[in-house]
Amino acid sequence: MGSSSPLTRRSRAPSSVFLTFICFVLCLSYSSNAQSSPVFACDVAGNPSLAAYGFCNTVLKIEYRVADLVARLTLQEKIGFLVSKANGVTRLGIPTYEWWSEALHGVSYVGPGTHFSGQVPGATSFPQVILTAASFNVSLFQAIGKVVSTEARAMYNVGLAGLTYWSPNVNIFRDPRWGRGQETPGEDPLLSSKYASGYVKGLQETDGSDANRLKVAACCKHYTAYDVDNWKGIERYNFNAVVNQQDMDDTYQPPFKSCVIDGNVASVMCSYNQVNGKPTCADPDLLSGVIRGEWKLNGYIVSDCDSVDVLYKNQHYTKTPAEAAAISINAGLDLNCGSFLGQHTEEAVKAGLVKEAAIDKAISNNFMTLMRLGFFDGDPKKQIYGGLGPKDVCTTANQELAAEAARQGIVLLKNNGCLPLSPTAIKTLAVIGPNANVTKTMIGNYEGTPCKYTTPLQGLAGTVSTTYLPGCSNVACAVADVAAATKLAAAADATVLVIGADQSIEAESRDRVDLNLPGQQQELVTQVAKAAKGPVFLVIMSGGGFDITFAKNDAKIAGILWVGYPGEAGGIAIADVIFGRYNPSGRLPMTWYPQSYVEKVPMTNMNMRPDTSNGYPGRSYRFYTGETVYAFGDGLSYTKFSHSLVKAPRLVSLRLEESHVCRSSECQSLDAIGPHCENAVSGGGGGPAFEVHTKVRNSGDREGIHTVFLFTTPPAVHGSPRKHLLGFEKIRLGKMEEAVVKFKIDICRDLSVVDEIGKRKIALGQHLLHVGDLKHSLNIRI
Ligand SMILES: *[C@@H]1O[C@H](CO)[C@@H](O)[C@H](O)[C@H]1NC(C)=O
Ligand SMILES: *[C@@H]1O[C@H](CO)[C@@H](O)[C@H](O)[C@H]1NC(C)=O
């Protein structure tokens with residue numbers, strides 16, 4: 001997203017001398033712009049003549065209303081609807097509308113469509129997405145989306161927010177150095193797909209009966225293969241992602257496909273980068289072909305801010321600005337974040353580079369979305385969400401869900417038995433580290449102003465008596481105050497070190513170059529651990545993983561928690577986990593690699609699969625076989641769970657037509673389409689699907705929550721993954737309780753692999769299913 005806004009947002013706090021003056025000016029400008037009512041079109045009550053327009057007639061079908069509106073517009077007026085700050089048309093009762101709002105993990109002030117004010121000073125700030133993803137709880141993804149859209153509607157009703165949100169970010173977290181990995185649901189295509197569709201449903205689905213209506217419009221971004229921001233000077237604006245068809249189809253595209261098909265998202269955003277030499281926003285195969293053609297997007301395609309400008313100015317992809325405008329619109333772009341299309345489309349039409357009909361199509365998609373949002377239905381206060389207002393933002397229940405999301409996501413990576421801490425056994429807890437008492441760091445990027453903060457220190461101090469020292473002046477930790485920190489730890493019954501990163505280390509436009517803890521943090525941790533009187537616990541706040549092998553192997557470090565960027569209530573959740581009021585259940589949504597990994601692997605290599613010819617080790621748990629610091633799916637509990645397989649077939653026979661080539665020759669794999677995919681005969685089930693039932697038992701002495709993962713290792717054909725996730729399910733079990741978790745496996749969809757040219761194939765032979773430590777061999781044959 002916008003290259004400019006994140007920088008301007010982070011201005012330094014004004015010195016107190018100027019504070020009064022600035023306040024005065026701000027208050028003046030607020031009151032002059034003060035708007036307490038929403039923007040909307042067709043205000044028939046205020047202007048009865050508008051009732052004559054078909055596009056304002058709520059009884060008519062949306063398609064008809066859109067066509068009616070488009071037919072009334074001049075070319076210049078139409079062009080005004082191609083840009084994010086859409087021009088109004090006064091004669092038709094249409095106000096200007098700002099399309100750009102953000103709601104990655106709460107209503108955000110990034111994006112000019114949304115503001116906080118005295119009336120709504122803040123909104124609920126959920127954990128950054130990478131931590132929410134670690135919960136592996138699909139109903140949580142949706143529940144958060146639902147709260148965010150309620151708060152967004154409430155803010156819209158008082159003129160503070162838009163209806164169109166350019167969230168979520170569902171790019172695969174391919175490389176641990178990526179500064180925006182924090183915004184994503186991690187490295188796994190299945191988890192990312194479930195996150196995408198779950199969060200989008202939460203944002204979009206209304207409580208009304210018309211399924212085509214939108215509560216707010218979500219947007220899956222950045223399409224596609226976008227995950228380099230600025231690595232050693234290689235910037236997203238110029239980066240050409242070279243992606244083979246196999247990785248495209250089984251890694252980069254699935255979250256977008258699920259977002260459109262399962263989530264029914266109202267928008268997809270094309271990215272800045274090129275894919276195989278073409279800017280994504282100018283690629284007709286990716287836009288008209290895949291998103292609108294194959295996946296049947298019901299909504300609009302928007303550019304990043306401003307990728308059309310970028311493909312012209314930075315990439316020199318076209319000779320003239322008019323050509324850049326034309327090539328994007330002709331490729332299927334409907335809306336331009338920025339003003340480029342507003343400036344250059346008319347010239348493109350006059351030069352015959354783009355037809356007016358293409359512009360009609362684009363703005364129709366935009367209008368269709370606004371119609372589904374009720375924007376053309378008159379006063380929103382009289383519509384389904386008209387009753388929402390400031391009282392519905394930052395409610396106790398919403399803030400509790402923010403704390404709950406952080407609890408569900410926090411991952412316990414190491415525990416030598418000292419956790420949970422008994423509050424009565426601790427007289428003094430030393431809380432040390434540059435992230436120990438942070439506020440803003442906890443909410444990551446694409447944030448809003450939160451309702452309030454509970455810092456880790458405040459959370460812990462709510463339970464036991466604490467002493468505190470930051471240890472370094474910031475996370476960069478150029479100099480660690482080791483002497484004072486070790487003294488504090490030596491005098492306490494236990495020590496919690498809260499360390500890690502913030503936006504100065506990993507952010508938009510800022511990729512890391514290494515995986516070590518910043519500056520002298522490692523030295524601080526090691527010395528504190530050596531000097532501490534009691535057990536030492538590490539709490540790591542970050543988006544991406546770190547090489548913390550030293551701490552993993554340090555016997556003095558009794559426990560390690562990864563808390564992502566845990567949101568406004570982070571401190572509550574951290575304390576709940578440390579003191580055992582919540583039994584941790586989060587699992588890592590991405591691999592934690594050792595530092596040596598990034599020394600071998602250029603960030604710009606998009607290949608997922610290893611290459612034995614040059615020692616390239618591959619990426620993610622699906623392909624990488626080397627050493628990890630922590631693995632995808634890692635995460636401990638304070639209780640013990642065991643699995644046993646109750647039901648799973650050993651053999652599945654696929655019935656082929658007489659004429660099928662595989663009947664007469666040796667075949668390693670079959671196309672995952674065709675009659676055998678409709679009528680397969682299964683040895684264990686019956687039909688092209690079967691079930692795997694696994695019994696899970698909590699054999700420990702306390703209640704716990706457990707994520708059951710079903711992985712499979714397919715036969716080694718077509719460079720298939722060494723292991724990939726087929727399904728996951730999170731369950732709560734009381735002590736000594738057990739339950740059966742059932743997975744339904746569709747052979748053609750779930751057990752197929754993508755071949756070298758992007759075709760889905762069912763590999764014949766032995767598939768190894770994994771649940772926990774269990775392995776089960778399943779033979780697929782003809
Ligand atoms: C911790 O941070 C909070 C919020 O910024 C602040 O009010 C408090 O004074 C800090 N505590 C210490 C001990 O520095
Ligand atoms: C998943 O999240 C929802 C919403 O917070 C919660 O009600 C449910 O208990 C969670 N499931 C588990 C197993 O923790």
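Here is what the cut-offs are and how they apply
- Here, residues in each chain are numbered from 1, in the same order as that chain's written sequence.
- Ligands are numbered from 1 and chains lettered from A, in the order in which they are written.
- Per-residue local features of the predicted model are confined to residues with pLDDT of at least 70, and side-chain atom pairs are confined, for both listing and counting, to 80 or more; whole-chain, interface and lining totals are unaffected and use all residues.
- Working from all heavy atoms in the structure, the side-chain values ignore hydrogens and water.
- Pairing between strands is defined by DSSP: at least two bridges between the two strands are required.
- Helix numbering and strand numbering both begin at the N terminus, where a helix is a DSSP run of H or I of at least 4 residues and a strand a DSSP run of E of at least 2.
- Each domain's limits were defined by an automated method or a database of domain assignments.
- By definition, residues are in contact when any of their heavy atoms lie within 4.5 Å.
- Defined here as a combined quantity, buried area equals the accessible surface (1.4 Å probe) lost by two parts on assembly, summed across both.
- Within this document, salt bridges are pairs made up of a side-chain nitrogen of Lys or Arg and a carboxyl oxygen of Asp or Glu, the two lying within 4 Å of each other.
- Think of a polar contact as two N or O atoms within 3.5 Å of one another; within protein, one of them needs to be a possible hydrogen donor and the other a possible acceptor, and neighboring residues in sequence only count if both atoms come from side chains.
- Two rings belonging to Phe, Tyr or Trp (six-membered ring only in the last case) form a pair when the distance between their centres is within 6.5 Å. Interplanar angles under 30 degrees mark stacking, angles over 60 mark edge-to-face geometry, and anything in between is tilted.
- Burial status follows relative accessibility: with a 1.4 Å probe on protein chains alone, a residue under 20% of its type maximum counts as buried, one over 50% as exposed, and anything between as partly exposed.
- Throughout this description, the term charge over a ring refers to an Arg CZ or Lys NZ atom that lies within 6 Å of the ring centre and within 35 degrees of the ring normal.

### Topic: the sheet that holds strand S9 (residues 278-279)
Hydrogen bonds between backbone atoms are what pair the strands of a sheet, whose relative direction is either parallel or antiparallel.
Next, step 1: Taken together, the three strands give an open sheet; going across it, the order is S6-S8-S9, and neighbouring strands pair in mixed fashion. Single-partner strands in this sheet number two, and they are strand S6 (240-241) and S9.
Next, step 2: As paired strands, strand S8 (residues 274-275) and S9 are joined by two bridges and run antiparallel to one another. Bridging from a neighbouring strand, Val275 pairs with Lys278 of S9.

### Here's the deal with the domain arrangement of the protein chain
Next, step 1: Structurally, the protein chain comprises domain 1 (38-86 + 218-370), domain 2 (408-600) and domain 3 (640-781).
Next, step 2: Relative placement of domain 1 and domain 3: their C-alpha centres are 39 Å apart.
Next, step 3: Facing the four residues of domain 1 at the interface are seven residues of domain 3.
Next, step 4: Carbon and sulfur atoms make up 48% of the area that domain 1 and domain 3 hide from each other, which totals about 420 Å².
Next, step 5: Ranking the residues of domain 1 by area buried against domain 3 places Gln246, Asp249 and Asp250 at the top, with a combined share of 85%.
Next, step 6: Where domain 1 touches domain 3, the interface holds zero salt bridges.
Next, step 7: Counting across the interface, domain 1 meets domain 3 through two residue pairs in polar contact (both at pLDDT 80 or more).

### A few points about the packing of aromatic side chains
Next, step 1: If you walk through the whole model with that rule in mind, you get 31 aromatic pairs.
Next, step 2: Ring plane angle 20° and centroid distance 6.0 Å describe the contact between Trp100 and Trp166, whose orientation is recorded as stacked. Of this pair, Trp100 sits in the loop between strand S2 (97-98) and helix H5 (129-133) while Trp166 sits in the loop between helix H6 (138-157) and helix H7 (189-204), and the two are 66 residues apart along the sequence.
Next, step 3: Assessed through its relative accessible area of 0%, Trp166 is described here as buried.
Next, step 4: Between Trp178 and Tyr226 the ring centres are 5.8 Å apart and the planes differ by 90°, which places this aromatic pair in the edge-to-face class. Linking Trp178 in the loop between H6 and H7 with Tyr226 in the loop between strand S3 (220-223) and strand S4 (230-231), this pair joins segments that are 48 residues apart in sequence.
Next, step 5: Residue Tyr226 is classed as buried on the basis of its relative accessible area, which comes to 2%.
Next, step 6: Through pairs of rings, three or more aromatic residues link up here, namely Tyr53, Phe55, Phe81, Tyr97, Trp99, Tyr300, Phe367, Phe375 and Phe376.
Next, step 7: Positioned above the aromatic ring of Tyr630 is the side chain of Lys552, whose terminal nitrogen or guanidinium carbon lies 4.8 Å from the ring centre.
Next, step 8: Over the aromatic face of Phe711 sits the side chain of Lys723, whose NZ or CZ is 4.2 Å from the ring centroid.

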